[in-house]
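Next come the chains, spelled out residue by residue.
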Amino acid sequence: MNILVLNGHPNLTQSVANASILAIEAEQLGWHINSVAQFDGDIASEQQQLLDADVIVVQFPLYWSTYPAVLKHWIDEVFTYGFAFGPNGSQLQGKPVLFSITAGATEESYSETGFNFLPFNAYQQAYEHPFRAAAVDIIDTIISFEMNSTAAEGGNKSNTLSLAKAHADRVIAAVNSYKDHSV
């Protein structure tokens, strides 16, 4: 199977969690990483990668409760009228998509009384919207909290690396489970 991972991190040289997760995923046979921060404007090529994929994994760190601007820009450019939506769109209809998300904050912070003011599912609706509009099949969302490795912000690199490994294992298991059941 062809697994396309859309890497929505703006700069992996400044990442511990996402860089570790993507490195593990890149070792998987048939998994291909597309770093959207390197998008060069070739919309047709990006769209073809989506069409060729058997499963799409959207990997990103939660930035201000949504995906980073580079991923938003990529979606704005690639999910065009006539391709992802519109009368002749929906070319991605039924395409299996798995969201793989890292968050530096605690799970408890995503509540009406927490630092992030709303439960996580409220934020989830926003980042899922363009994919739902494209009529994809969202097969799972895997999120890991406390993925902050910056000591000055209360993070712990060793803990983040351990959580990243567990996160990558969960993503791989979910994709493999989907593959096993879709045959």
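In this report, we go over the structure that sits alongside the text. (Residues numbered from 1 in each chain as written. Predicted model: local features only at pLDDT ≥ 70, side-chain atom pairs only at ≥ 80, totals over all residues. Heavy atoms only, no water.)

1. Re the packing of helix α1 (residues 17-26) against helix α5 (residues 157-182)
Between α1 and α5, the shortest axis-to-axis distance is 9 Å and the interhelical angle comes to 40°. The pairing of α1 with α5 is recorded here as oblique in orientation. Pair α1 / α5 crosses with right-handed handedness. Packed against α1, whose contacting residues are Ala17, Ser20, Ile21, Ile24 and Glu25, the element α5 presents Thr160, Leu161, Ala164, Lys165, His167, Ala168, Val171 and Ile172 at the interface. Of the residues assigned to the contact of α1 with α5, the class counts are eight nonpolar, three polar and two charged. (Axes fitted to C-alpha atoms, helices over the stretch in contact; angles between N-to-C directions. Helix = DSSP H or I, 4+ residues; strand = E, 2+ residues; numbered from the N terminus. Parallel < 35°, antiparallel > 145°, perpendicular 65-115°, else oblique. Left-handed = near helix turned anticlockwise from the far one by under 90°. Contact = heavy atoms within 4.5 Å. Nonpolar A, V, L, I, M, F, W, Y, C, P; charged D, E, K, R; others polar.)

2. Here we look at unusual backbone geometry
At Ala135, a residue that is not glycine, the phi angle is positive and equals roughly 65°. Mapped onto the fold, Ala135 is located in the loop between α4 (120-133) and β5 (137-144).

3. Overview of the packing of aromatic side chains
Scanning all chains against the criterion turns up seven aromatic pairs. On the basis of an interplanar angle of 75° and a centroid distance of 5.6 Å, the ring pair of Tyr81 and Phe85 is categorised as edge-to-face. Residue class for Tyr81 comes out exposed when judged on its relative accessible area of 58%. Among the residues examined, Phe85 registers a relative accessible area of 37% and is labelled partly exposed. (Phe/Tyr/Trp six-rings, centres within 6.5 Å; stacked < 30°, edge-to-face > 60°. Buried < 20%, exposed > 50% of the residue type's maximum accessible area, 1.4 Å probe, protein only.)

The values are spatial; any link to function lies outside them.
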